Amino acid sequence: MAHIIVVGNEKGGAGKSTVSMHVATTLARLGYKVAGLDLDLRQRSMGRYLENRLAFIAAANLNLPMVALHELPEIDPDTLQPGENIYDLRLSASISELEPEYDFIVIDCPGSHTRLSQVAHSLADTLITPLNDSFVDFDLLAHTDEKGEKIKGPSVYSEMVWNARQLRAQAGLPPIDWVVIRNRVGTQRMVNKEKMERAIHMLSKRIGFRVAPGFSERVIFRELFPRGLTLLDLKDVGVKQLNISNVAARQELRDMMKALNLPDVAINI
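Quick look at the structure, then. (Residues numbered from 1 in each chain as written. Predicted model: local features only at pLDDT ≥ 70, side-chain atom pairs only at ≥ 80, totals over all residues. Heavy atoms only, no water.)

A word on helix H9 (residues 244-260)
Right, so step 1: Under the 1.5 Å per step criterion, the end-to-end length of H9 is 25 Å for 17 residues, consistent within 8% with the ideal 24 Å.
Right, so step 2: Here the buried face of H9 lies against helix H1 (16-29), strand E5 (126-132), strand E8 (177-183), strand E9 (210-213) and helix H8 (219-224).
Right, so step 3: Count one or two residues on from H9 and you reach Asn261, which has phi positive near 55 degrees. (Helix = DSSP H or I, 4+ residues; strand = E, 2+ residues; numbered from the N terminus. Expected span 1.5 Å × (residues − 1). Contact = heavy atoms within 4.5 Å.)

Description of the sheet that holds E9
Pairing between sheet strands relies on hydrogen bonds along the backbone, with the strands arranged either parallel or antiparallel.
Right, so step 1: Strand order in the open sheet formed by 7 strands is E3-E2-E4-E1-E5-E8-E9, with parallel pairing between adjacent strands. At either margin of the open sheet sits one strand with a lone partner, and together these are strand E3 (68-70) and E9. Direction aside, the axes of adjacent strands within the sheet are offset by 25 degrees on average.
Right, so step 2: As judged from the 3 bridges shared by strand E2 (residues 34-38) and E3, these two strands associate in the parallel manner. Bridging across to E3, Ala35 finds its partner in Ala68.
Right, so step 3: Lying on the sheet, H1 is in contact with strand E1 (3-7), E2, strand E4 (104-108), E5 and E8; it crosses E4 at an angle near 170 degrees.
Right, so step 4: Against the sheet, helix H3 (residues 86-98) contacts E1, E2, E3 and E4, and its axis sits at roughly 170 degrees relative to E2. (Pairing = 2+ DSSP bridges. Axes fitted to C-alpha atoms, helices over the stretch in contact; angles between N-to-C directions.)

What about the layout of surface pockets?
Right, so step 1: In this model, the largest pocket occupies a volume close to 560 Å³.
Right, so step 2: If you trace the largest pocket, you find 28 residues lining it, with Gly13, Gly15, Lys16, Ser17 and Thr18 closest to the centre.
Right, so step 3: Going through the elements one at a time, H1, helix H2 (45-60) and H8 are the ones with two or more residues in the lining of the largest pocket.
Right, so step 4: Ranked by the residues each element gives to the lining of the largest pocket, the list is headed by H1, at 4 residues.
Right, so step 5: Grouping the amino acids of the lining of the largest pocket by side-chain chemistry returns 8 nonpolar, 11 polar and 9 charged.
Right, so step 6: Each pocket or cavity is described by its volume, and for the second largest pocket that value is around 180 Å³.
Right, so step 7: For the second largest pocket, the lining is made up of 13 residues, of which Arg182, Val185, Ala212, Pro213 and Gly214 are closest to its centre.
Right, so step 8: The set of elements that each furnish at least two residues to the lining of the second largest pocket consists of helix H7 (191-207) and E9.
Right, so step 9: In the lining of the second largest pocket, the residues fall into 5 nonpolar, 3 polar and 5 charged. (1 Å grid on protein atoms, 1.4 Å probe; cavity = no way out; pocket = protein on both sides within 12 Å on 5 of 7 lines; lining within 4 Å. Points joined across faces, edges and corners; volume = space filled by probe spheres on them. Nonpolar A, V, L, I, M, F, W, Y, C, P; charged D, E, K, R; others polar.)

A few points about the pairing of E4
Every regular strand shows the same layout, with side chains that alternate between the two sheet faces.
Right, so step 1: Counting buried residues along E4, 5 of its 5 residues qualify, which places the element largely inside the surrounding structure.
Right, so step 2: The two faces of E4 match: Phe104, Val106 and Asp108 on one face and Ile105 and Ile107 on the other face are all buried.
Right, so step 3: Of the pairings in the sheet, the one linking E1 to E4 comprises 5 bridges and is parallel in character. Bridge assignment links Val6 to a residue of E4, and that residue is Ile107.
Right, so step 4: The sheet contact formed by E2 and E4 spans 5 bridges and is parallel. Each bridged residue has a counterpart across the sheet, and for Leu37 the counterpart in E4 is Ile107. (Buried < 20%, exposed > 50% of the residue type's maximum accessible area, 1.4 Å probe, protein only.)

Digging into the packing of H1 against H2
When two helices pack together, their arrangement is given by the angle between the helix axes and the distance between those axes.
Right, so step 1: The geometry of H1 relative to H2 is characterised by a closest axis approach of 9 Å and an angle of 45 degrees between their N-to-C directions. Relative to H2, the element H1 lies oblique. Of the two elements, H1 crosses H2, and the hand of that crossing is right-handed. Between H1 and H2, the contacting residues are Ser17, Ser20, Met21, His22, Ala24 and Thr25 on the first element and Ser45, Met46, Tyr49, Leu50 and Arg53 on the second. (Parallel < 35°, antiparallel > 145°, perpendicular 65-115°, else oblique. Left-handed = near helix turned anticlockwise from the far one by under 90°.)

So, the environment of Ser117
Right, so step 1: Topologically, Ser117 is positioned in helix H4 (residues 115-123).
Right, so step 2: Each C-alpha atom of the pair Ser117 and Leu39 lies 7.0 Å from the other, and the pair is 78 residues apart in sequence.
Right, so step 3: The contacts of Ser117, once residues within four sequence positions are left out, are Cys109, Pro110, Ser112 and Met160.

Considerations on the packing of aromatic side chains
Right, so step 1: What the rule picks out here adds up to 6 aromatic pairs.
Right, so step 2: Summarising the aromatic geometry, the rings of Tyr157 and Trp178 are spaced 6.2 Å apart at their centres and angled 65 degrees between planes, so their arrangement reads as edge-to-face. Of this pair, Tyr157 sits in helix H6 (residues 156-170) while Trp178 is found in strand E8, placing the two residues 21 residues apart along the sequence. Trp178 matches Tyr157 in its accessibility class, with the two residues each being buried.
Right, so step 3: Grouping aromatic residues by their ring pairs yields a cluster made of Tyr157, Trp178 and Phe209.
Right, so step 4: The ring centre of Tyr102 lies 5.3 Å from the NZ or CZ of Lys33, which sits over that ring.
Right, so step 5: The ring of Phe56 is capped by Arg227, whose NZ or CZ atom sits 5.9 Å from the centre of that ring. (Phe/Tyr/Trp six-rings, centres within 6.5 Å; stacked < 30°, edge-to-face > 60°. Lys NZ or Arg CZ within 6 Å of the ring centre and 35° of its normal.)

Okay, here's the thing in structure tokens:
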């Protein structure tokens, strides 16, 4: 039975697709069978990433770890029963097909509230929420006072995760392991950074998620996308000497993967 990893955040630009690709390809590099589902049916960033990767591998005649990209099956609307939602059926049909065949299914959700994203969250064994180090992004998780020091209450995304947790509990499924990843954290010691750190750890205890390190803002991620590559592929494609930024980014990936603490996964990359 596959372990389902959902990467979700209702705000765009948080780095969901970058995280999805690196988590998925790292697991594939470790020898696991990994399937990818891109639920952003319009932008398809993860889907495009994997298509670019497949084209680059073929053109360069390389043997790189691959994630199997799957599309949601089409369902005839005329076959729906009263009260059934076509997106629910498409996603559940896809998961039912993939679960027996793969060790991990990595689902990349859109940066908006959709029915598909809502259902996917209820299927998550591990939920990864990338969060930019900004109170603008933090507001999606919780509302704070004007100083950013006191949490007034959970916000829309946290409430959706709570509902997903309730659905899993009602179905008798194990609880979601929710991990919030801090992305684009500044290297300098700044007041905003320290306030964010305090607020996110305070909220983690209140609504129940773990905090993990993410990626710093780096040009390398934008450069890798057209070829569908990740940080771990650089030496395989002929980059003999990694620069300091690339080495630091690889270490960030290791730290993130270890912090996810996925079941029976030893991070030896």
